[in-house]
Amino acid sequence: DNALSDHELLQWAEREVFAQSVQLAAAADARLKHPTQDPQDSNGPPPPLQAATYPHAIAKLMRTFREKYRDPHLALAIFAHARSLSTYSYVMGCTTDAYNELIATRWECFRDLRGVYEAIYEMATNKVRRDNRTRSLWENIRREIGSGAASDDGLYDVLGRIDAMVGKDPPRRDR
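Notes on the structure in this doc start here. (Residues numbered from 1 in each chain as written. Predicted model: local features only at pLDDT ≥ 70, side-chain atom pairs only at ≥ 80, totals over all residues. Heavy atoms only, no water.)

## Concerning the overall build of the protein chain
When helices and strands are counted, the protein chain shows eight helices and zero strands. Each helix and strand of the protein chain, placed in order from N terminus to C terminus, yields the pattern α-α-α-α-α-α-α-α. Counting every position in the protein chain, which comprises 175 residues, the buried fraction comes to 39%. Put simply, 74% of the contacts in the protein chain that link residues at least 6 apart link residues at least 24 apart. (Helix = DSSP H or I, 4+ residues; strand = E, 2+ residues; numbered from the N terminus. Buried < 20%, exposed > 50% of the residue type's maximum accessible area, 1.4 Å probe, protein only. Contact = heavy atoms within 4.5 Å.)

Right under this line is the structure:
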């Protein structure tokens, strides 16, 4: 919130959010490859795979780049970067809140129904929980599209598939 420019915020994110994610992922991989033989090391809880603030930071960065700096491309890039940084980054950072920001960005900034569908499909495929905000975003999109969708069979099919995915939540996997 205190960044003076989008460039300054991006530098901060790379240094404070993503660099820490890479360090924690490397440490987790090292633990898997070389489990400790020292019984003293196994007494405490294992170190975190990602910082507890990581998923909140991803969603907040996306929202800030979209709303404050009016840069939806950078908002999408933050999600893509978190998704591709590491498996840990994707699983622990691309949570419901980040997907909601992805959906909001794709619709509000680009009116990209196909992109909204892909985001919701990816959520369903990866068992990312849809919440009330996901449903609210979808209801608003559906309302904006209006009843004209019934005349376009392809669009109507996409709308129906998204309705089914948003309405039926997968078994809960809190991430």
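## Regarding the side chain of Ser 89
Structurally, Ser 89 can be placed in helix H4 (residues 87-93). Since its relative accessible area comes to 0%, Ser 89 is described here as buried. Polar side-chain contacts of Ser 89 include one of 2.5 Å to the side chain of Tyr 54. Apart from the residues within four sequence positions on either side, Ser 89 is in contact with Ser 21, Gln 50, Tyr 54, Ala 82 and Cys 94. (Polar contact = N/O pair within 3.5 Å; in protein donor to acceptor, adjacent residues only side chain to side chain.)

## Considerations on the nonpolar core
Ile 58, Tyr 99 and Ile 162 are the most contacted members of the largest nonpolar core, which totals 41 residues. Contributing elements (two or more residues each) for this core: helix H1 (6-33), helix H2 (54-67), helix H3 (72-85), helix H5 (96-110), helix H6 (113-125), helix H7 (132-145) and helix H8 (153-167). No other element matches H6, which puts seven residues into this core. Once you skip the residues sitting within four places of it in the chain, Ile 58 turns out to touch Val 17, Phe 18, Ile 78, Ala 82, Gly 93 and Ala 98. (Core = buried A, V, L, I, M, F, W, Y, C linked by side-chain atoms within 4.5 Å.)

## Looking at the environment of Lys 68
For Lys 68, the position within the fold is in the loop between H2 and H3. The partly exposed category is assigned to Lys 68, whose relative accessible area is 44%. Lys 68 has contacts with Asp 1, Ala 3 and Arg 63, leaving out every residue within four places of it along the chain. At 3.3 Å, the side chain of Lys 68 forms a polar contact with the backbone oxygen of Asp 1.

## Section: the pattern of salt bridges
This model, assessed by the stated rule, comprises 11 salt bridges. One salt bridge in this structure joins Glu 144 and Arg 111, with 3.0 Å as the shortest N-O distance. Pair noted here: Glu 144 is in helix H7 and Arg 111 is in the loop between H5 and H6, with a separation of 33 residues, a long-range link. Residue classification places Glu 144 among the partly exposed residues on the basis of a relative accessible area of 46%. Of the charged contacts, one joins Arg 161 and Asp 157 as a salt bridge, the two residues approaching to 2.9 Å between their closest N and O atoms. Remark: Asp 157 and Arg 161 occur in helix H8; sequence separation between them is four residues, near one turn of the helix. (Salt bridge = Lys/Arg side-chain N within 4 Å of Asp/Glu carboxyl O.)

## A few points about the packing of H6 against H7
Look at H6 against H7: their axes get within 12 Å of each other, and the N-to-C directions meet at 155 degrees. Judged by the angle between their axes, H6 and H7 are roughly antiparallel. Once H6 is placed against H7, the crossing between them reads as left-handed. In this structure, H6 uses Leu 113, Val 116 and Met 123 to contact H7, whose residues at the interface are Thr 134, Trp 138, Ile 141 and Ile 145. Classifying every residue of the contact of H6 with H7 by side-chain character gives six nonpolar, one polar and no charged. (Axes fitted to C-alpha atoms, helices over the stretch in contact; angles between N-to-C directions. Parallel < 35°, antiparallel > 145°, perpendicular 65-115°, else oblique. Left-handed = near helix turned anticlockwise from the far one by under 90°. Nonpolar A, V, L, I, M, F, W, Y, C, P; charged D, E, K, R; others polar.)

## A look at H5
When the terminal C-alpha atoms of H5 are compared, their 20 Å separation across 15 residues agrees well with the 21 Å that a helix rising 1.5 Å per residue should span. With 11 of 15 residues buried, H5 lies mostly within the body of the structure. Burial in H5 covers these residues: Thr 96, Ala 98, Tyr 99, Asn 100, Glu 101, Leu 102, Ile 103, Ala 104, Thr 105, Arg 106 and Trp 107. The elements touched by buried residues of H5 are H2, H3, H4, H6 and H7. Downstream of H5 by one or two residues, Arg 111 has phi in the positive range, about 50 degrees. (Expected span 1.5 Å × (residues − 1).)

Geometric descriptors of this kind do not, in isolation, establish any biological role.
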